[in-house]
Amino acid sequence: MITSPYEKYKQSSVQTATPAQLLIMLYDGAIRFIRGAVEAINAEDIQKKNELIGKAQAIVSELRATLNHSYEISAQLDKLYEYINYLLIEANIRKDTTKATEALDYLVDLRESWIQASKVVISGQEQVNSNG
């Protein structure tokens, strides 16, 4: 049972989010976890590094699993997500902030691309709705 107001807010925001907003939330989470993992690597906190990279990998796996393969770009995204996962594995095993940062950079770029794409879609929908 959810008792804290913050947890209730988080649950409500997920339940009422559009697919684009949910996707961006996933990217936000992965980005946050990788940034934390980089800090943990620098602090030599192995347990925290393992936990945060594991959470980022779970999100990347979810992103891969939910790809709609009826679109041509899905195959390219699948390969990129696979590579990001590889980078996270390498970062975890080798305690390598360079690999983690490379994965982070890809996710930040993808997040920005999805934000721009969702703005285009919203703009198009508003135009259709105003024309009536």
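Residues numbered from 1 in each chain as written. Predicted model: local features only at pLDDT ≥ 70, side-chain atom pairs only at ≥ 80, totals over all residues. Heavy atoms only, no water.

Examining the environment of Leu87
The cut-off we apply is this: Each helix is a run of H or I in the DSSP string that is no shorter than four residues. Each strand is a run of E no shorter than two, and both are numbered from the N terminus. Residues are treated as being in contact if the distance between any of their heavy atoms lies within 4.5 Å.
Residue position: Leu87 is located in helix H4 (residues 73-94). As a C-alpha pair, Leu87 and Ala103 span 16 residues in sequence and 6.0 Å in three-dimensional space. If sequence neighbours within four positions are ignored, Leu87 has contacts with Lys99, Glu102, Ala103 and Tyr106.

Comments concerning the confidence of the model for the chain
Our working definition: The pLDDT value tells you how sure the predictor is about a given residue, anywhere from 0 up to 100.
Predicted confidence across the chain gives a mean pLDDT of 89, with 81% of residues reaching 70 or more. Mean pLDDT across the elements of the chain ranges from a minimum in helix H1 (residues 5-15), with 60, to a maximum in helix H3 (residues 46-65), with 98.

Considering the nonpolar core
To keep it simple, the criterion reads: Each nonpolar core is a collection of buried residues, namely Ala, Val, Leu, Ile, Met, Phe, Trp, Tyr and Cys, held together in the definition by side-chain atoms within 4.5 Å. A simple rule labels every residue: compare its accessible area, found with a 1.4 Å probe on the protein chains alone, to the largest value its type can have, and call it buried under 20%, exposed over 50%, or partly exposed in between.
Counting residues in each nonpolar core, the largest one holds 26 residues, and the members touching the most others are Tyr27, Ile34, Tyr81, Ile84, Leu88 and Leu107. Secondary-structure elements contributing two or more residues to this core are helix H2 (19-42), H3, H4 and helix H5 (97-131). Counting residues per element, this core draws most heavily on H2, at eight residues. Setting aside residues no more than four positions away along its own chain, Ile34 makes contact with Ala56, Leu88, Ala100, Ala103, Leu104 and Leu107.

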